[in-house]
Number of protein chains: 2
Amino acid sequence: MQAAIDEFIADRCTEHLACAGVDAAADVLRDFAVGGKCLRPTFMYLGWRCGADDDHAALRAAASFELLHAFALLQDDVMDGSTIRRGKPAAHVAFARWHRERELPGSSDRFGESAAVLLGDLCLVWSAQMLRESGVDAKALARVWPRYDEMRTELAIGQFADLVNDAGAFPALDQVLDVSRRKSGNYTVRRPLEIGAAMAGCSSRVLASLGTYGEAVGDAFQMRDDVLGIFGSPTVTGKPAGGDLIERKATSVVVAAYQLADSTVRGQLKELMSRRDLDESDVDRWRGLILATGAVDRIEQMIDSRLKRALERLDAAPLDTAVRAALGSMASACAERAA
Amino acid sequence: MQAAIDEFIADRCTEHLACAGVDAAADVLRDFAVGGKCLRPTFMYLGWRCGADDDHAALRAAASFELLHAFALLQDDVMDGSTIRRGKPAAHVAFARWHRERELPGSSDRFGESAAVLLGDLCLVWSAQMLRESGVDAKALARVWPRYDEMRTELAIGQFADLVNDAGAFPALDQVLDVSRRKSGNYTVRRPLEIGAAMAGCSSRVLASLGTYGEAVGDAFQMRDDVLGIFGSPTVTGKPAGGDLIERKATSVVVAAYQLADSTVRGQLKELMSRRDLDESDVDRWRGLILATGAVDRIEQMIDSRLKRALERLDAAPLDTAVRAALGSMASACAERAA
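Residues numbered from 1 in each chain as written. Chains lettered and ligands numbered in written order. Predicted model: local features only at pLDDT ≥ 70, side-chain atom pairs only at ≥ 80, totals over all residues. Heavy atoms only, no water.

A. Representation of the pattern of salt bridges in the model. Tallied over the full model, the rule gives 52 salt bridges over all chains. Residue Asp109(A) pairs with Arg100(A) through a salt bridge whose shortest N-O separation is 2.9 Å. Assessed through its relative accessible area of 47%, Arg100(A) is described here as partly exposed. As a salt-bridge pair, Asp162(B) and Lys183(B) come within 3.1 Å of each other at their nearest N and O atoms. Taken together, the residues Asp162(B) in helix α7 (residues 138-163) and Lys183(B) in helix α8 (residues 173-199) connect sequence positions 21 residues apart. Given a relative accessible area of 22%, Asp162(B) falls into the partly exposed group. Given a relative accessible area of 15%, Lys183(B) falls into the buried group. (Salt bridge = Lys/Arg side-chain N within 4 Å of Asp/Glu carboxyl O. Buried < 20%, exposed > 50% of the residue type's maximum accessible area, 1.4 Å probe, protein only. Helix = DSSP H or I, 4+ residues; strand = E, 2+ residues; numbered from the N terminus.)

Below, the structure written as structure tokens:
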């Protein structure tokens, strides 16, 4: 999987990025390509394996999802103003530094953001190209495209909805879960699985089972991410401790805490959620308040119930034993990533 | 052509943008869809007509290029900080206003830029979808995709190169022409023509003629745009008078003036090209200096020679008379847009 991504990216870097006058672009892209967990390619390939045998072309098709993910991360980091990704400077920060070091005219920050958005655009175009040129036969690919376009639309629309989903606007938990399902959960688990299975020509019965499994695992994945975004260690998340609080993201944990709090604590949370600047002690205090409301326990219960639902659905589905086992492990891994 | 675009966009707006929680997005997109000159779809369709008869599916395929153009404009305006497009507020400005009027939390400007980039992403995805679902048969489309991916890559790479192409860096004229060919000329004329012709199964001889014609017309188009960007009336360009000077763009006219100037004038130009803020009288003075160098005459000569080359190549190509005449008119229209 990783080899297929590396090879495709190396070709693109040599052929195109070398002449863009921005030698930093190839470095940033290569960093992106090696740092990921390849969750989406893995789910896509497991979807394929629900209806077909191991196949190199299908593996390349699946690997293309990692490039699509690079597009999403590159542009999200600009929009969220996230400065750290996978323990290193985010792409827009790296590009801004490149610009500053060369003392080029104009704003380095603006250059950094534009360059990261453009590299994202390239990844969006290249991911579709890699899928198209994967070697998967035309009939199987024809089943992929409508779902693929639907997924990419859902991803961008979800990010759109996320832009107006600020903690200071006090959204409801259902609304937050809906946005994060569209922005992240579906696109991480359900859609790659369904697309892989459709490519393999799976029956609508199998597709329905994978849809239910995928939605539940995607939800669990996103809620685990929300817990880690507040309580996770930077060495695990590759992001600053309490990053979601600093960015005032309206995550499931933040919103559940607000809903569970009594009126005194709610007032304190409200004040923190509306504050422009937070220092480390504010973040610590916020963390303590959240824990005291029982919000983390509530979210952990929700993660458990999603995991249980996913595994039950898996047991009932007409799947090959090895594939069922792999999907079971992936579900647990998504739900239980270590803090 | 316009009807095909309107219909596709209306479907997308109803189905997707309504649930994004940003009602402004559908309005912005509709504005974009009706305001354009449809140059790229026209060239794509004329390319098709070089090898095939009139066809509704091919017309829809060609219309998809207007959505690709919307992607480019939406994101370019953010990167260039252009606030006006086609005589109206640019999309990111309209989105920022929407955010401000609703008194939503967070920065309105940041929201506006993010929303415009995302709407651009959606247009990029939807343009490929519209092409894929145009009704053009699979064999003809298979000839399109490699060239289409190549064009989209070239467009993004050209914009990348443009980011470091600031007037304050005093690039050479050849370099500027090369960047603008990659960023704008090729993608406006040559690539759409070649893609349409490839879709129709034209011979390599016809493709080569269209390539030469397209490159020359694209260059002429871009240089005309550069003249208008400094001397054009806002009612024609839909942008502020002298907009390229205000944005310190390293256009062909700006750079030719610098190269043609004597050392005294060069010093004055250098000072203007490096200045952070320019008022109206600075722009007027800069315009006068450029005219005095003879740069506009030089660029007009270059436009004429490109137009001549394009028409000669057209005469020698094995084309249907009506198609040749249409391509001739388009070449003149691109080279001679009224100031």
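B. Helix α4 (residues 56-80) of chain B, seen in detail. Residues and elements named next belong to chain B. Over its 25 residues, α4 runs 37 Å from end to end, which matches the ideal 36 Å to within 8%, given 1.5 Å per residue. For α4, the buried fraction is high: 21 of the 25 residues fall into the buried class. One side-chain oxygen at the N-terminal end of α4 lies 3.1 Å from the backbone nitrogen of Ala57; it belongs to Asp55. Following α4 by one or two positions, Gly81 has its phi on the positive side, about 65 degrees. (Expected span 1.5 Å × (residues − 1). Polar contact = N/O pair within 3.5 Å; in protein donor to acceptor, adjacent residues only side chain to side chain.)

C. Region of the structure containing the packing of aromatic side chains. Inspection of the entire model under this criterion finds ten aromatic pairs over all chains. Aromatic pair Trp98(B) and Phe111(B): ring centres 5.7 Å apart, planes at 20 degrees, arrangement stacked. Of this pair, Trp98(B) sits in helix α5 (residues 91-101) while Phe111(B) sits in helix α6 (residues 108-132), and the two are 13 residues apart along the sequence. This pair shows no difference in class: Trp98(B) is buried, exactly as Phe111(B) is. Through a chain of ring-to-ring contacts, three or more aromatic side chains come together here, namely Phe95(A), Trp98(A), Phe111(A) and Phe160(B). Stacked on the ring of Tyr258(B), the Lys or Arg Arg266(B) has its end atom at 4.7 Å from the ring centre. (Phe/Tyr/Trp six-rings, centres within 6.5 Å; stacked < 30°, edge-to-face > 60°. Lys NZ or Arg CZ within 6 Å of the ring centre and 35° of its normal.)

D. Local environment of the interface of chain A and chain B. Each partner contributes to the interface: chain A provides 51 residues, whereas chain B provides 50 residues. Counting the surface lost from both chain A and chain B, the interface buries some 4300 Å², and carbon and sulfur atoms represent 66% of this. Among the residues chain A hides against chain B, the three largest losses belong to Leu118(A), Arg132(A) and Phe160(A). Together they make up 16% of the total. If you look at where chain A meets chain B, you find four salt bridges. In this structure, Arg110(B) engages Glu113(A) in a salt bridge whose closest nitrogen and oxygen atoms are separated by 2.9 Å. One can count eight residue pairs in polar contact (both at pLDDT 80 or more) joining chain A with chain B. (Contact = heavy atoms within 4.5 Å. Buried area = accessible area lost by both parts, 1.4 Å probe.)

E. Structural detail: empty space enclosed by the protein. For the structure on display, the rule yields six cavities of 30 Å³ or more. Lining of the largest cavity is provided by 13 residues; of these, Val78(A), Glu113(A), Val78(B), Glu113(B) and Val117(B) occupy positions nearest its centre. For the lining of the largest cavity, the secondary-structure elements that each account for two or more residues are α4 (56-80) and α6 (108-132) of chain A together with α4 and α6 of chain B. In this model, the second largest cavity occupies a volume close to 70 Å³. If you trace the second largest cavity, you find it lined by Leu118(A), Asp121(A), Phe71(B), Ala72(B), Gln75(B), Asp76(B), Met79(B), Leu155(B), Ala156(B), Gln159(B) and Lys183(B). If you list the elements that add at least two residues to the lining of the second largest cavity, you get α6 of chain A together with α4 and α7 of chain B. With five residues, the single largest contributor to the lining of the second largest cavity is α4(B). When its residues are assigned to classes, the lining of the second largest cavity shows six nonpolar, two polar and three charged. (1 Å grid on protein atoms, 1.4 Å probe; cavity = no way out; pocket = protein on both sides within 12 Å on 5 of 7 lines; lining within 4 Å. Points joined across faces, edges and corners; volume = space filled by probe spheres on them. Nonpolar A, V, L, I, M, F, W, Y, C, P; charged D, E, K, R; others polar.)

F. Here's a closer look at the relation of the copies chain A and chain B. Between chain A and chain B, which share one sequence, the superposing operator has a rotation angle of 180 degrees and an axial displacement of 0.0 Å; the RMSD is 0.0 Å. Taken together, the rotation and translation describe the operation of a two-fold axis. Comparing contact sets, 98% of the residues at the interface of chain A also lie at the interface in chain B, consistent with an isologous, same-surface contact. (Least-squares fit on C-alpha atoms with pLDDT ≥ 70 in both.)

G. Structural context of the nonpolar core. Residues Phe95(A), Tyr213(A), Leu327(A), Phe95(B), Tyr213(B) and Leu327(B) are the most contacted members of the largest nonpolar core, which totals 244 residues. Excluding its chain neighbours within four sequence positions, the residues that come into contact with Leu327(B) are Phe43(B), Leu46(B), Cys50(B), Leu193(B), Leu210(B), Tyr213(B), Leu314(B) and Leu319(B). (Core = buried A, V, L, I, M, F, W, Y, C linked by side-chain atoms within 4.5 Å.)

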